[in-house]
Amino acid sequence: MSADLAAQFAQLEEDHPVLRQPVCLVVLGADNGARAALVAALLGEPLLPLAAPSGTARRWPPLVVRGACDNFAVMLQERNGLRRQTDLVVRDTERGRLLEPPCLAELGLADTDGTCVWVNVGLNHPLLRGDHVRLVVAPTHQAATVHCFLEDVVPVFLHGTAANCLSEQERAELGDLHRITGGQAVFFAAPIDSPAEPAGSAPPPQLSLHWPHRARPGRRPGVAPARGSPEPAVVARPPPGPLLLQLRAIGYEFSTCPPASLGQSVDELFQSCQLVAGSAGMLAFAPYLRTCLQLQLLRAAHQVNKALNQLLRAFILSAFDMAREIQITPRRLQYARQTEAELFSSVMAIADSNQLHMSQMVNRACVSMRDELLSQAAMYQFRDVEVSETGAIRSARQLQQCTAEIQNLLLAALNRAVAGQLVGSVDYMQERLVGTLQRCLLSLEAHDDGGSGEASNALKQILNSAYSLEISVETSSSVITSLWEWLKQLLDVMPWKTPPCVDALWRRKVATEMLDNINELRLSRVICSQLRDRLRRAHEAFVRSIGRLEAQLDGRLEQTERDRLRMKKLHAPHVARLALQAAAYVDAARFGVPQLAREIGRGQYGVVYSSGEWAGRRDWAVKSVIPPDDRHWNDLSMEYFYTRSLPDHERIVNIRGLVIDYNYSHSRMSAALLLMERLQTDLYLGIQDGLDLPTRLRIALDVAQGARFLHSQGLIHRDIKLKNVLLDNANRGKLTDLGFCKPEAMISGSVVGTPIHMAPELFSGQYDHSVDVYAFGVLLWYILSNDVRMPDVYEQCDNKNDLWKCVKRGLRPSRPRHCSDLGWELVTACWRGEPRHRPLFGVVELKLHQMLDQLEAVPADQQPPPPAAEAPAALDGSAVIPCWS
Ligand SMILES: Nc1ncnc2c1ncn2[C@@H]1O[C@H](COP(=O)(O)OP(=O)(O)OP(=O)(O)O)[C@@H](O)[C@H]1O
């Protein structure tokens, strides 16, 4: 809720404390059936037995009905003050309403023995929700006890009769009531046609309710008339003749119709009944009721508007996400393909051509690790062979196992070292790149339902091919052969042919022998062929899976684009329109429809007027727009949403209010009246009237700041031009007319703007915020020319298509007279054909500051001549600017 609206509510409640009190509908009547019918009419469902015996039957005890969360519960209030909840709790979990009415009869209320003082009922009913309204059904002869229920509530008395004529007893009771309530308004309900149908089967009976007359001012304590509220207009709808006479005789007076000033929904509320009633005190009640209802409607409209705006914001954010996904996914795919291809070919190149390189790697690993490997071998503890403390083993077979373990130890270490060198030698396997590629694949595969990460797996294979080179027993068989040779010799020289002792010395010797006998060239040949094979397989798998992924993503992106368009063109505008209507309702209910005074300007889409007082201020400019069809209404609604969601900025003319005039100029056409602060003039007229150069540059700076602010909010203005820059009393500029203003993601290539200011890429439909910089370049050209006439070069063009062709070919206005180098540089930079080369507004601002500083440094007598001498001002904008500009 906006702060000022919240403050208004608070003030209203402070002025009228009664607004905080709940309304208590007090249903009275001498006849049980009549009261039951009245309650059923109010609730839209029978709560009490409709077939209750009339007249003489014992009356029910008072019944208090309040809102309940999810069930229907009954409690009996007994004389000793204790509450006893009955067993009867009837739920309908779906609708939250009572299931088996009428149930109070089943409680035996009609035959109550007098121990029960009143019955409390909790009922889940829209009327009673939130405890703003409660219902009391009280027997009339206990009218005095009515007061028990009326503390801190606003009572509304309703009296039900069984016939259109009062019995003696009823007249007596109503007389009492009139006295007791001090002439308080009473609504009377009498049957329209037949008496009530039997219980259970029938819909609630149709009643005629009678609305009280605005009579002598009289006020019940606690019921304050709403300050400043107009008196309700009342017209006749009298109760049936005999009843009317009887009631008048008691003292009740009648108006002729319900207050016409109540909102439409209230009319609807009472539509099914005939409303008329009688008595004094209504004067106090009607304005109160009206204020309450208006407040409720206002609150509801405000909440609806807030919710719709949130929904719209969510729509726009998701449009951003969708647009981003559509843009980024093909790039990701391309990156993944390219990086994998480079990674593959780099590793392949090593495997293919550089066996020497590989053998050098093996050699380097052997040399650099030799000492470490030997000491690792010396300290090695055998895993699968039982060795005594002195290193003795029992058989030649065990000796063979020991040799194999030492060999594995060395080969594993060599594997790691060679792989490490290989990885280090290929750029693409540096962690950063691999990590980026992996993340890229993960994001692509996030939506891949059937693929289960095939491309990622293939990439892992490529990486594994390099990381886990297998220098296996076969690949190093030369080592094994020579090792065996050596071992055999060792055994042969042993006197008793017993196996040697596999102590540290032996282990070291075996390792030394093995390292000395490694044939790097052969080893590298085997490694390379192994690597090639694996790489090829992994690469093929990668290409296959990325192709499959691409096909799947293509389908998905097409769907995303369809969703984005539907959201942009259908859902968002629809919600925006509802939000616009809710916002307009709030503004109209708070401040009324603004009075249009003098016309102050006219554009393509609307007329701008000054206005009378609205929301306590008079300095409004009201732009009236009559959208011809739904599409235009939707567009207007979206624009309004963007504009209203902008934070205030002193260089932007923001919309402050909106009212829909449903009968504009008595034409039965609906016009949107957009209220904004009124400024002095626009830059077009300002230049015509004469502005000096520093002032004009200052205005250019103001525009740049405004546009920069819009860009910072993710919006593109798309229509920066002289007439959309308004000037205040101090000739400071503000950007206005955000009609074409949109976030980038919501733009779908629509070609909008004012021809001369339109960047060439606008026609391709693919453009971004830099179209505003282009338009600013043209605006700055006008500012530096100090002339509002069309640039000479463009004058040659016959129509706007001609103009655009020239602009696309690079034609631009020529340098204005007296334009500084800095100024000309800035203008030409802004209107560059290539959007990327145009400066950002932050840079534009800096340049303008420099120009202003430069100007200040120039002595007054050397400054450019005053405007009148510089260029003749056009007499009338529309005469000098062709209509297509
Ligand atoms: N807030 C304002 N205060 C004072 N004058 C205004 C205000 N807004 C608009 N005007 C005047 O009304 C003229 C018409 O404004 P409007 O925004 O309807 O049209 P436009 O921007 O000239 O054209 P179009 O909407 O077709 O692009 C402006 O040129 C300006 O002179």
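- For the protein chain, the name recorded in an unreviewed UniProt entry is Dual serine/threonine and tyrosine protein kinase, with Amphibalanus amphitrite as its organism.
- As its UniProt record puts it under Subcellular location (unreviewed entry), the protein chain is described as follows: "Cytoplasm".

### Here's the deal with the UniProt feature "binding site: ATP" (unreviewed entry) in the protein chain
1) Next: The UniProt feature table records "binding site: ATP" (unreviewed entry) at Lys623.
2) Next: If you trace the backbone, Lys623 turns up in strand β13 (residues 620-625).
3) Next: Since its relative accessible area comes to 17%, Lys623 is described here as buried.

### Description of the nonpolar core
Note on soluble globular proteins: their nonpolar side chains tend to be buried together.
1) Next: Counting residues in hydrophobic clusters, the biggest one holds 75 residues, and the most contacted among them are Leu683, Phe776, Leu779, Leu780 and Leu848.
2) Next: Sort the elements by how many residues they give to this core and helix α17 (residues 770-785) lands first, with 12 residues.
3) Next: Summarising the domain contributions, this core has at least three residues from each of domain 3 (592-678) and domain 4 (681-885).
4) Next: With near-sequence residues (within four places) excluded, Leu780 lies in contact with Ala700, Leu826, Val827 and Leu848.
5) Next: In terms of nonpolar packing, the next biggest core, distinct from the first, is built from 31 residues, Met358, Cys366, Ala413 and Trp506 among them.

### Points about the sheet that holds strand β19 (residues 733-735)
1) Next: Spatially, the three strands line up as an open sheet ordered β16-β18-β19, and their pairing is antiparallel. A single partner strand is all that each edge strand has here, and the edge strands are β16 (681-682) and β19.
2) Next: The sheet contact formed by β16 and strand β18 (residues 725-727) spans two bridges and is antiparallel. Looking across to β18, one finds that Thr681 is bridged to Leu727.
3) Next: Packed onto the sheet, helix α16 (residues 693-712) meets β18 and β19 and runs at close to 30 degrees relative to β19.

### Regarding α17
1) Next: The first and last C-alpha atoms of α17 sit 23 Å apart over 16 residues, in line with the 22 Å expected at 1.5 Å per residue.
2) Next: Burial of α17 is extensive: 16 of the 16 residues sit out of reach of the surface.

### Comments concerning the site of the ligand
1) Next: The local shell around the ligand holds 21 residues, among which Gln604, Lys623, Leu679, Asp682 and Asn724 are the closest.
2) Next: Taken by itself the ligand offers 610 Å² of open surface, and the protein chains cover 94% of this.
3) Next: Within the residue set of the shell around the ligand, elements represented by two or more residues are β11 (596-602), β13 and β15 (669-677).
4) Next: Of the residues belonging to the shell around the ligand, the class tally is seven nonpolar, five polar and nine charged.
5) Next: Taken domain by domain, the makeup of the shell around the ligand includes at least three residues from each of domain 3 (592-678) and domain 4 (681-885).

### Overview of the packing of α17 against helix α20 (residues 821-830)
1) Next: Across the interface, α17 lies against α20 with an axial gap of 7 Å and an inter-helix angle of 150 degrees. Of the possible angle classes, the one that applies to α17 and α20 is roughly antiparallel. Helix-helix and strand crossings are classified by hand; for α17 and α20 the assignment is left-handed. Within the contact between the two elements, α17 uses Val773, Tyr774, Phe776, Gly777, Leu780, Trp781 and Leu784 and α20 uses Gly823, Trp824, Leu826, Val827 and Cys830.

The rules behind these values
- Residues numbered from 1 in each chain as written.
- Predicted model: local features only at pLDDT ≥ 70, side-chain atom pairs only at ≥ 80, totals over all residues.
- Heavy atoms only, no water.
- UniProt positions renumbered as here; feature names shortened; annotations may be inferred.
- Helix = DSSP H or I, 4+ residues; strand = E, 2+ residues; numbered from the N terminus.
- Buried < 20%, exposed > 50% of the residue type's maximum accessible area, 1.4 Å probe, protein only.
- Core = buried A, V, L, I, M, F, W, Y, C linked by side-chain atoms within 4.5 Å.
- Domains from an automatic or database assignment.
- Contact = heavy atoms within 4.5 Å.
- Pairing = 2+ DSSP bridges.
- Axes fitted to C-alpha atoms, helices over the stretch in contact; angles between N-to-C directions.
- Expected span 1.5 Å × (residues − 1).
- Near = heavy atom within 4 Å.
- Areas by Shrake-Rupley, 256 points an atom, 1.4 Å probe, with all protein chains shown as cover.
- Nonpolar A, V, L, I, M, F, W, Y, C, P; charged D, E, K, R; others polar.
- Parallel < 35°, antiparallel > 145°, perpendicular 65-115°, else oblique.
- Left-handed = near helix turned anticlockwise from the far one by under 90°.

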